[in-house]
Amino acid sequence: RKEVEQDPGPFNVPEGATVAFNCTYSNSASQSFFWYRQDCRKEPKLLMSVYSSGNEDGRFTAQLNRASQYISLLIRDSKLSDSATYLCVVREGGATNKLIFGTGTLLAVQP
Amino acid sequence: GAVVSQHPSWVICKSGTSVKIECRSLDFQATTMFWYRQFPKQSLMLMATSNEGSKATYEQGVEKDKFLINHASLTLSTLTVTSAHPEDSSFYICSEGQAYTEAFFGQGTRLTVV
């Protein structure tokens, strides 16, 4: 089983659609959780951190369920500029402090 | 926020030559840098953890003699791909970050070995 698993993509959606990404992680001791966005041939950039209480940033809402080891990202009113690969990322914390990346889900927003 | 500068952004080299990639922390001192590799349509895979003043810790399956990491100062970590071959062609990227916080990535280096 992969340490961080994401929805298989790609997701092709029309502008204005709502799209949801899901992610599960295997290490129950994981400390921090993030969604990153990666454009083609570029470095990943932080979209938002994910907290147990859930958090929202404009059109983006992230949720974390520690009991189920599940993370989600909801994008409302999709824009063409949202087209990218979305990476679910988990930090192990402790002595390793390593980030574990999901394989990413490609989102293509169509006009 | 912290800024990580990575150079070069792309490099083409002949098979058998070595390539050095630099990763510099500009805003604060990074005692730990992480080096990743990303093949097309795959996610970032951690290669090694670079610690200032000590030997790097390599992930399983990564050849430490082929991927030389040096972290001589708090602001600079380097990755040298020695005797590069076409299968080493990939996107190499560094990052630094403290526990519980986001990671700050360099811009990445696209290596093509011909």
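Up top is the structure these notes are about.
Criteria and cut-off values
- Residues numbered from 1 in each chain as written.
- Chains lettered and ligands numbered in written order.
- Predicted model: local features only at pLDDT ≥ 70, side-chain atom pairs only at ≥ 80, totals over all residues.
- Heavy atoms only, no water.
- 1 Å grid on protein atoms, 1.4 Å probe; cavity = no way out; pocket = protein on both sides within 12 Å on 5 of 7 lines; lining within 4 Å.
- Points joined across faces, edges and corners; volume = space filled by probe spheres on them.
- Helix = DSSP H or I, 4+ residues; strand = E, 2+ residues; numbered from the N terminus.
- Nonpolar A, V, L, I, M, F, W, Y, C, P; charged D, E, K, R; others polar.
- Contact = heavy atoms within 4.5 Å.
- Buried area = accessible area lost by both parts, 1.4 Å probe.
- Salt bridge = Lys/Arg side-chain N within 4 Å of Asp/Glu carboxyl O.
- Polar contact = N/O pair within 3.5 Å; in protein donor to acceptor, adjacent residues only side chain to side chain.
- Pairing = 2+ DSSP bridges.
- Axes fitted to C-alpha atoms, helices over the stretch in contact; angles between N-to-C directions.

Colleague: Explain the layout of surface pockets residue by residue, including any values.
Modeller: The space that makes up the largest pocket amounts to roughly 630 Å³. Around the largest pocket, the lining comprises 23 residues; the ones closest to its centre are A:Thr85, B:Gln38, B:Pro40, B:Lys41 and B:Gln42. Of all the elements in the fold, those that place two or more residues in the lining of the largest pocket are strand S9 (84-91) and strand S11 (105-110) of chain A together with strand S9 (90-96) and strand S11 (109-113) of chain B. Its residues placed into classes, the lining of the largest pocket shows eight nonpolar, 10 polar and five charged.

Colleague: Quick rundown of the interface of chain B and chain A? Include the residues and the values.
Modeller: Each partner contributes to the interface: chain B provides 20 residues, whereas chain A provides 19 residues. Between chain B and chain A, roughly 1,600 Å² of surface is buried when both sides are summed, and carbon and sulfur atoms account for 54% of that area. In this assembly, chain B and chain A are joined by one salt bridge. In this structure, the connection of chain B to chain A is made through four residue pairs in polar contact (both at pLDDT 80 or more). Looking at the side of chain B that touches chain A residue by residue, the class counts come to 10 nonpolar, seven polar and three charged.

Colleague: Requested: an account of the sheet that holds strand S7 (residues 60-65) of chain A, with residues and values cited.
Modeller: Strand-to-strand pairing in sheets goes through backbone hydrogen bonds, with the strands running parallel or antiparallel. All names here are of chain A. Taken together, the five strands give an open sheet; going across it, the order is S1-S3-S8-S7-S6, and neighbouring strands pair in antiparallel fashion. Only two strands of the sheet have a single partner each, and these edge strands are strand S1 (4-6) and strand S6 (55-57). Averaged over all adjacent pairs, the angle separating strand axes in this sheet is 15 degrees, with direction ignored.

Colleague: Explain the sheet that holds strand S3 (residues 19-25) of chain B residue by residue, including any values.
Modeller: All names here are of chain B. With antiparallel pairing, four strands are arranged side by side in an open sheet as S1-S3-S8-S7. Both edges of this open sheet fall to strand S1 (4-7) and strand S7 (67-73), since each of them pairs with a single strand only. Each strand of the sheet is rotated relative to its neighbour by a mean of 15 degrees, with strand direction disregarded. As defined by bridge partners, S1 adjoins S3 across four bridges and the pair is classed as antiparallel. Looking across to S3, one finds that His 7 is bridged to Glu 22.

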